[in-house]
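A structural walkthrough
Single-letter residue listing:
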Amino acid sequence: MMRIGIIEDHQDTREVLHAFFSQQAGFEVCLVAESVEAFFAELEKLSSPPSLLLLDINLPGISGIEAIKSLAQRLPDVDIVMLTMHDDSRHIFQALCAGAIGYLVKGTPLVKIKSALLNVQQGGSAMSPHVARKVVEYFQPGKKKGDSALTPKEHQIVEGLVDGLSYKLIADRYSISIETVRTHIKNIYKKLHVNSKSEVVAMKLRGEID
C-alpha cells in the first residue's frame, strides 16, 4: 500500500488529487494539506507516516523547494515528487538537487501521475517527458549548464544586462534598434528557460553562461 501525502495550496487541485488516489487500489491518501506548516501540524497525528509526498512549489509560507530538506529530515523514508506548474530548468534542478525523487508538471493526466508514482515505488523516478529531456541534456558531454547555444550577439546582450544597461543603452552600445534588443532578449529567455533579466544576470554571475 502506497501511503500518499499531498501538499497543494489550490483547493480544486488538492480535491481532485485526493479524490482520484482515494479510489485507486494500492493507494491510501493519509494526509492532505495546503501548506508545509499545516502538513507538519497534522503529521504527528498520523499512526503511520506517508511513504510518498506530492509537493507543490508555490505554497503559502515555506516554498516546496525550501521544505524538501526539512521534510526529508522528519520523514527519512519518504519519496518526494514535485507536482508543479514550473517546467523551467532552474526550478527542476533546484528541486532535484534538494532531494526530490521526481518532477511532474501540473496538467499531466492523473493516470500518468499514478503510473509515475508506481514507478517510484518500484525504485525508479517520476518525470514528465520534457522534464526528463532537460535533465538528459544537462548532463550531455560538451554542454554548458544553462547555456543553450546562445549566438554571439545574444552573448553581447547578456553582457549588457550584467552591466546594468537599459534596453536603449544596450541598443546604443551595439548599434542596433531597441526592438532588436527586445527580440534578442526574448530568445535568450527561451533558450535559458528564464523569465526575467535578474535570472539571466544571476546565471551569468554563477558561471552558467560562458
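Residues numbered from 1 in each chain as written. Predicted model: local features only at pLDDT ≥ 70, side-chain atom pairs only at ≥ 80, totals over all residues. Heavy atoms only, no water.

**Describing the pairing of strand S5 (residues 102–105)**
Along a regular strand, successive side chains alternate from one face of the sheet to the other. A two-sided burial pattern is seen for S5, the buried positions comprising Gly-102 and Leu-104 on one face and Tyr-103 and Val-105 on the other. Relative to S5, strand S4 (residues 79–84) runs parallel, the two being bridged by four bridges. Within the sheet, the bridge partner assigned to Leu-83 lies in S5 and is Leu-104. In this fold, S4 hands off to helix H4 (residues 89–98), which returns the chain to S5; that crossover is right-handed. The pairing of S5 with strand S6 (residues 126–127) spans two bridges and is parallel. Residue pairing across strands places Tyr-103 opposite Met-127, the latter belonging to S6. What joins S5 to S6 is helix H5 (residues 110–121), and the crossover it makes is left-handed. (Buried < 20%, exposed > 50% of the residue type's maximum accessible area, 1.4 Å probe, protein only. Helix = DSSP H or I, 4+ residues; strand = E, 2+ residues; numbered from the N terminus. Pairing = 2+ DSSP bridges. Right-handed = clockwise from strand over helix to strand, strands pointing away.)

**Let's talk about helix H2 (residues 36–43)**
Three or more residues of H2 are buried, namely Val-36, Phe-39, Phe-40 and Leu-43. Each buried residue of H2 lies within a common arc of 95° when the element is viewed along its axis, so the set occupies one face. Lining the buried residues of H2 we find strand S1 (2–7), strand S2 (27–33), strand S3 (52–55) and helix H3 (64–74). (Arc of directions from axis to C-beta. Contact = heavy atoms within 4.5 Å.)

**Observations concerning unusual backbone geometry**
With a phi close to 55°, Ser-175 is a non-glycine residue in the positive phi region. In this structure, His-193 is a non-glycine residue whose phi angle is positive, near 60°. Mapping His-193 onto the fold places it in the loop between helix H9 (178–192) and helix H10 (197–205).

**Topic: the sheet that holds S1**
Strands sit in the order S2-S1-S3-S4-S5-S6 across an open sheet of six strands; the sheet is parallel. A single partner strand is all that each edge strand has here, and the edge strands are S2 and S6. Where H3 meets the sheet, its contacts fall on S1, S3 and S4, and the angle it forms with S4 comes to roughly 165°. Contacts from H4 reach S4, S5 and S6 within the one sheet, and its direction differs from that of S5 by about 145°. (Axes fitted to C-alpha atoms, helices over the stretch in contact; angles between N-to-C directions.)

**Overview of the packing of aromatic side chains**
Enumeration according to the criterion identifies three aromatic pairs in this entry. Taking the centre distance of 5.2 Å and the plane angle of 45° together, the rings of Phe-21 and Phe-27 count as tilted. Measuring from ring centre to ring centre gives 6.0 Å for Phe-39 and Phe-40, while their planes differ by 65°; the resulting arrangement is edge-to-face. Grouped by ring-pair contacts, the aromatic residues Phe-20, Phe-21 and Phe-27 constitute a single cluster. (Phe/Tyr/Trp six-rings, centres within 6.5 Å; stacked < 30°, edge-to-face > 60°.)

**A few points about the nonpolar core**
Among the nonpolar cores identified, the biggest contains 28 residues, and Ile-7, Phe-39, Leu-55, Leu-71 and Met-82 are the most heavily contacted of them. Elements represented by at least two residues in this core include exactly S2, H2, S3, H3, S4, H4, S5 and helix H6 (129–138). Residues within four places of Leu-55 in sequence aside, it is in contact with Ile-7, Gly-64, Ile-68, Leu-71, Ile-80, Val-81, Met-82 and Leu-83. (Core = buried A, V, L, I, M, F, W, Y, C linked by side-chain atoms within 4.5 Å.)

**Re the environment of Ala-67**
With respect to the element layout, Ala-67 can be found in helix H3. Of the residues examined, Ala-67 reaches a relative accessible area of 0% and is grouped as buried. Leaving out residues up to four positions away in the same chain, Ala-67 has contacts with Val-36 and Ile-62.

**Digging into the pattern of salt bridges**
What the rule picks out here adds up to 10 salt bridges. For Arg-74, the salt bridge identified is with Glu-44, shortest N-O distance 2.8 Å. Of this pair, Arg-74 sits in helix H3 while Glu-44 is found in the loop between H2 and S3, placing the two residues 30 residues apart along the sequence. Overall, the relative accessible area of 61% leaves Glu-44 in the exposed class. Several salt bridges share partner residues, and in doing so they unite Glu-8, Asp-56 and Lys-106 into one network. (Salt bridge = Lys/Arg side-chain N within 4 Å of Asp/Glu carboxyl O.)

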